[in-house]
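The residues making up each chain are set out below.
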Amino acid sequence: MKFDAKIPSGPLESKWERHKFDLKLVSPANKRKFEIIVVGSGLAGGSAAATLAELGYNVKCFCFQDSPRRAHSIAAQGGINAAKNYPGDGDSIFRLFYDTIKGGDFRAREANVYRLAQVSGNVIDQCVAQGVPFAREYGGLLDNRSFGGAQVSRTFYARGQTGQQLLLGAYSALSRQIGAGQVKMFPRTEMLDLVVIDGKARGIVVRDLVTGAIESHAAEAVILASGGYGNVFYLSTNAKGSNVTATYRAYKRGAAFGNPCFTQIHPTCIPVKGDYQSKLTLMSESLRNDGRVWVPKAKGDLRAPGEIPESERDYYLERKYPSFGNLAPRDIASRSAKEACDEGHGVGESGFGVYLDFADAIGRLGEGKIRGRYGNLFDMYERITDENPYKMPMRIYPAVHYTMGGLWVDYNLMSTIPGLHVLGEANFSDHGANRLGASALMQGLADGYFVIPYTIANYLASTKLEKVATSHEAFKATEDSCRSRISKLLAVKGSRTVGSFHRELGKIMWDKCGMTRDRQGLQEAIKKIPKLREEFWSDVKIIGGNEELNQSIERAGRVADFLEFGELMCMDALAREESCGGHFRTEFQTPDGEALRDDEKFCHVALWEHEGQPEGPATGHKRHEEALVYENVKLATRSYK
Amino acid sequence: MKLKLHVWRQKNKSAKGAMVTYDADNISPNMSFLEMLDVVNEGLSNTGEAPIAFDHDCREGICGSCSLMVNGVAHGPQDATTTCQLHMRSFQDGEELYIEPWRAKGFPVLRDLIVDRSAFDRIIQAGGFISVNTGAAQDANAIPVRKLDADEAFNASACIGCGACVAACKNASAMLFVSAKVGQLSLLPQGQPERQERVLNMMSQMQEEGFGNCTNQYECEAVCPKQISSDYIARLNREFISATLAHPNTRK
């Protein structure tokens, strides 16, 4: 497999500026000759589709939801980072860059992350111009807060609904282009496969989720912005429909997958309550600004939290990480909660929970102020748990939230398949082994508004692209393989529901490839998953047929891909014999239980290459390495003590 | 808990639908309403019957996908709560529940409890935006916005586009939905240049889609999971009238 990160030469600060000048342009008259496909309508896909249409390209945008406004970006609560330094507290592009590199435990590319920090301010400008109602001060200027692991206030927010407001901004820009006829929108349409012709991405095959029709769409370039794969764990904070199919199908067609084992477990979610649980709900990390995390010092202490005196509580984050305390980064806060519970200090029925207590903050600031800051989150907590967090501490536990891994892309956001570009959570690029709070929204919008519009022009202008139609044999062949896969699923007529397989896979992944991993567990998972996959293909039960709105088929296709992808994740976790960020191998830790990186051997991106025919299961997965070169920061041990 | 469910089943857009009765046993009060339906569906699948189709995605009350009439009330009995956030502890053991899709001319049923809400997208496409191309924006703090206006704009923009307002209204009016977007953008300085064209275009699209007009019953406000105030409808009427008077010839 050939790959080149195409990082521009020259000083870090001027790489992007120079690169933009070096990139070829497409003239306005020629732009209208190009079709671009965008899969996904979240922050990355929506912003890309809108911007490319504004520039004059013909865009087709696809989403499986009934409207592009419902993409899962909408659920992001906390905020979006930008190096505006409006509060004058010492922020800068370099500091945002450095914090992001360090937060990612030195497993991201310097050049990409610097560019992200550079355009972060433009993102805020654009959103404000669109009418995104960010929080403001009484003087009318924008308000900032500090957020998960940052010592400056650089996070812009819109109450606890920042993702919603940013997405509605992108959706409004997209809607304007749909209305103008420049974007053709295909809601309730799911990508089933990528079409590659002469080694280049030339289109996709989709299923109309209302009629079941399998159709092809041809284009000069394809953009995947289909989000992350957290639902491989079954229980996660992702929306129910979020899936790996688009990126995994592209992987099978030759796109390298970067660091699939890098997943983020978010520390503040509502604990699991029963077997019927269908998803986990996040409580924004911003709560840790005012909430204090603790567990009883005594093991198995069943007293109500109010009855446990101060001296018998362990505020373990404050104890272990005095300088960051409750604001320690996500991976560290999550692992600490797991440790406390594994040692028997957990609270709640299951024992898998820790307290997030607002009593001090309410005492200091009053209930009104706390309601102003987190009212909607407190209400949501009460609706779900039937407990009033103003009166008693919340119970929280970590849950799968985000996936830093994704399809490998170069500096131009192009995968190893020419013409296939990948944006947002779907790519692997900017967060290394751990993502900092409020950085996902920044990256999604940066990719879509301010990076891809430049870099895709270069691809289109410098590549010889013959016109292809969907009558081309490659489209027919790909359509046929999609149809036969569905027929095969329907023909099984087994005894187990799709959901039962998904739950079983999720449990394997959570137990063996979750917050902590070890060699033995991963090896077990790598044995178990193919067996489960075999059982799925011989015993799954799907009711109904293809030519109808059939949610069982939709789920079956997604779970079938998760059943292959889960194995790849475990292989990546097994191969990475170090601990870094969210990837914690128990064999590799310092004497006091912190992650132990191995920069000698693992300061690289793992690129996985699919072996075997794209239509069938992989015959193997081959690992490659892209060395990470740090010219501007010193590799340091990440310490938040 | 044990419940008796009466659920609207309809195979596709053109098929005739009917209410079908199911027993829901082993329901925990801590389940969400949709988790209860998951359990019923798992049972239906096991017996070979087609599961009940319903829209859902984030299951945390923000995506706006879920859309059920529960006992005649859009999103069910709990105030300010989407169906996905409604929990079974809101119901009594042994209760009978009637579960239907949104009913409105503008929202045709696609299957069972799933309706087509693309009319809402088309209303936004008609004018629910500020025309600013990427890259054309000035520095964010160059446009100060009075905090009270920004907060008020936020209250309106919290709309999740679920369509409960339409479902609850005897006229199937979409005016709360339209007023939320018009209200948000007309309150902000960025929204001023297109203020009049926006309201005219959105209102005309709303009518084209078959939604009715407001007759001041405020059932929309009562069921809105995001508590969008019907004051925005008053604001919408004012915007509409002043735009109509200002540009009598631009009205479609």
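Note that the structure is predicted; figures quoted are calculated from it, not measured.

## What about the overall build of chain B?
Here is step 1: The secondary structure content of chain B amounts to eight helices and seven strands.
Here is step 2: Principal axes of the C-alpha set define a box for chain B whose edges measure 60 × 40 × 35 Å.
Here is step 3: Expressed as a percentage of the 252 residues in chain B, the buried residues total 55%.
Here is step 4: At a minimum sequence separation of 6, the contacts of chain B that also span at least 24 residues come to 71%.

## Regarding the overall build of chain A
Here is step 1: Within chain A one finds 17 helices and 21 strands.
Here is step 2: Over its C-alpha atoms chain A spans a radius of gyration of 24 Å, differing by no more than 12% from the 26 Å that the globule rule assigns to 641 residues.
Here is step 3: Along the three orthogonal principal directions, the C-alpha set of chain A runs to about 75 × 60 × 50 Å.
Here is step 4: Considering only contacts within chain A whose residues lie at least 6 apart along the sequence, 74% involve residues at least 24 apart.

## Details of the sheet that holds strand 9 (residues 221–224) of chain A
All names here are of chain A.
Here is step 1: Spatially, the five strands line up as an open sheet ordered 5-2-1-9-17, and their pairing is parallel. The sheet is open, and its two borders are formed by strand 5 (183–186) and strand 17 (420–422), each paired with just one other strand. Each adjacent strand pair in this sheet contributes to an overall mean axis angle of 20°, direction not counted.
Here is step 2: Note that strand 2 (residues 58–62) and strand 5 share four bridges and pair parallel. Along strand 5, the bridge assignment pairs Val59 with Val183.
Here is step 3: Against the sheet, helix 12 (residues 440–462) contacts strand 1 (35–39), strand 9 and strand 17, and its axis sits at roughly 150° relative to strand 9.

## Digging into the domain arrangement of chain A
Residue and element names in this part refer to chain A.
Here is step 1: The domain boundaries assigned to chain A delineate domain 1 (35–264 + 402–462) and domain 2 (265–401).
Here is step 2: Once you take the C-alpha centre of each, domain 1 and domain 2 turn out to be 30 Å apart.
Here is step 3: In this assembly, 22 residues from domain 1 lie in contact with 27 residues from domain 2.
Here is step 4: Here the side of domain 1 that touches domain 2 is built from residues that sort into five nonpolar, 14 polar and three charged.

## As for the sheet that holds strand 7 (residues 200–208) of chain A
Residue and element names in this part refer to chain A.
Here is step 1: On the basis of which strands lie adjacent, the open sheet formed by three strands has the order 6-7-8 and antiparallel pairing. Since the sheet does not close on itself, it has two edges, and those belong to strand 6 (189–197) and strand 8 (214–218), each with one partner. Neighbour-to-neighbour, the strand axes of this sheet turn through a mean angle of 30°, independent of strand direction.
Here is step 2: Contacting strand 6, strand 7 and strand 8, helix 13 (residues 473–492) crosses the sheet at an angle of about 140° to strand 6.

## Looking at the domain arrangement of chain B
Residues and elements named next belong to chain B.
Here is step 1: Per the domain assignment, the segments making up chain B are domain 1 (3–111) and domain 2 (118–246).
Here is step 2: Summarising the inter-unit geometry, the C-alpha centres of domain 1 and domain 2 are found 29 Å apart.
Here is step 3: Across the boundary between the two partners, domain 1 contributes 18 residues, which contact 17 residues of domain 2.

## Comments concerning the pairing of strand 15 (residues 394–403) of chain A
Residue and element names in this part refer to chain A.
Here is step 1: Strand 15 sits mainly inside the fold: 10 of its 10 residues count as buried.
Here is step 2: As judged from the five bridges shared by strand 11 (residues 263–269) and strand 15, these two strands associate in the antiparallel manner. Each bridged residue has a counterpart across the sheet, and for His266 the counterpart in strand 15 is Ala399.
Here is step 3: In this structure, strand 14 (residues 354–357) lies alongside strand 15, joined through three bridges in antiparallel fashion. Considered in strand 15, the bridge of Tyr355 is made with Arg395.

## Describing the confidence of the model for chain B
Here is step 1: On average, residues of chain B carry a pLDDT of 96, and 98% of them reach 70 or more.
Here is step 2: Predicted as a complex, the structure gets a pTM of 0.98 and an ipTM equal to 0.98.

## Here we look at the nonpolar core
Here is step 1: Ile36, Ile223, Leu224 and Leu407 of chain A together with Cys165 of chain B are the most contacted members of the largest nonpolar core, which totals 288 residues.
Here is step 2: When neighbours within four sequence positions are excluded, Ile36 of chain A is seen to be in contact with Leu52, Tyr57, Val59, Ala219, Glu220, Ala221, Ile223 and Ile456 of chain A.

## Some words on the packing of helix 6 (residues 195–208) of chain B against helix 8 (residues 231–246) of chain B
Residue and element names in this part refer to chain B.
Here is step 1: Orientation of helix 6 relative to helix 8, taken along the N-to-C sense of each, is 105°, at an axis distance of 9 Å. With respect to their mutual orientation, helix 6 and helix 8 come out roughly perpendicular. Within the contact between the two elements, helix 6 uses Gln196, Val199, Leu200 and Met203 and helix 8 uses Leu236, Glu239, Phe240, Ala243 and Ala246.
Here is step 2: Split into classes, the residues belonging to the contact of helix 6 with helix 8 amount to seven nonpolar, one polar and one charged.

## Let's talk about the interface of chain A and chain B
Here is step 1: Between chain A and chain B, the contact holds 62 residues from the first and 69 residues from the second.
Here is step 2: Within the residue set of the side of chain A that touches chain B, elements represented by two or more residues are helix 3 (43–55), helix 5 (110–130), helix 6 (162–179), helix 11 (367–385) and helix 16 (551–575) of chain A.
Here is step 3: The dominant element in the side of chain A that touches chain B, judged by the number of residues it contributes, is helix 6 of chain A, at nine residues.
Here is step 4: Its residues assigned to classes, the side of chain A that touches chain B shows 22 nonpolar, 24 polar and 16 charged.

## Remarks on the environment of Lys338 of chain A
Residue and element names in this part refer to chain A.
Here is step 1: Inspection of the secondary structure assignment puts Lys338 in helix 9 (residues 330–342).
Here is step 2: Separated by 16 residues in the primary sequence, Lys338 and Val354 place their C-alpha atoms 9.1 Å from one another.
Here is step 3: Not counting residues up to four positions away in its chain, the partners in contact with Lys338 are Pro398 and Met515.

## Examining helix 9 of chain A
Two residues of an α-helix separated by three or four positions point the same way, owing to the 3.6 residues in each turn.
All names here are of chain A.
Here is step 1: Relative to the 18 Å expected for 13 residues at 1.5 Å per residue, helix 9 spans 18 Å between its end C-alpha atoms, a close match to the ideal helical length.
Here is step 2: Across the 13 residues that make up helix 9, a large majority, 11, are buried.
Here is step 3: Of all the positions in helix 9, only Arg330, Asp331, Ile332, Ala333, Ser334, Arg335, Ser336, Ala337, Lys338, Ala340 and Cys341 are classed as buried.
Here is step 4: Packed against the buried residues of helix 9 are strand 11, strand 12 (292–296), helix 8 (316–320), strand 14 and strand 15.
Here is step 5: Positive backbone phi, at 100°, marks Gly344, one or two positions downstream of helix 9.

## As for the environment of Ala201 of chain A
Residues and elements named next belong to chain A.
Here is step 1: Among the structural elements, Ala201 can be located in strand 7.
Here is step 2: Sequence spacing of Ala201 and Glu631 is 430 residues, and the spatial spacing of their C-alpha atoms is 34 Å.
Here is step 3: Ignoring anything within four residues of it in the chain, the contact list for Ala201 reads Leu194, Val196, Ala221, Val222, Ile417, Gly419 and Leu420.

Rules used throughout
- Residues numbered from 1 in each chain as written.
- Chains lettered and ligands numbered in written order.
- Predicted model: local features only at pLDDT ≥ 70, side-chain atom pairs only at ≥ 80, totals over all residues.
- Helix = DSSP H or I, 4+ residues; strand = E, 2+ residues; numbered from the N terminus.
- Buried ≥ 20, exposed ≤ 12 C-beta atoms within 10 Å, placed from the backbone.
- Contact = placed C-beta atoms within 7 Å.
- Rg over C-alpha atoms; globule rule 2.2 N^0.38 Å.
- Pairing = 2+ DSSP bridges.
- Axes fitted to C-alpha atoms, helices over the stretch in contact; angles between N-to-C directions.
- Domains from an automatic or database assignment.
- Nonpolar A, V, L, I, M, F, W, Y, C, P; charged D, E, K, R; others polar.
- pLDDT = per-residue confidence, 0-100.
- Core = buried A, V, L, I, M, F, W, Y, C linked by C-beta atoms within 7 Å.
- Parallel < 35°, antiparallel > 145°, perpendicular 65-115°, else oblique.
- Expected span 1.5 Å × (residues − 1).

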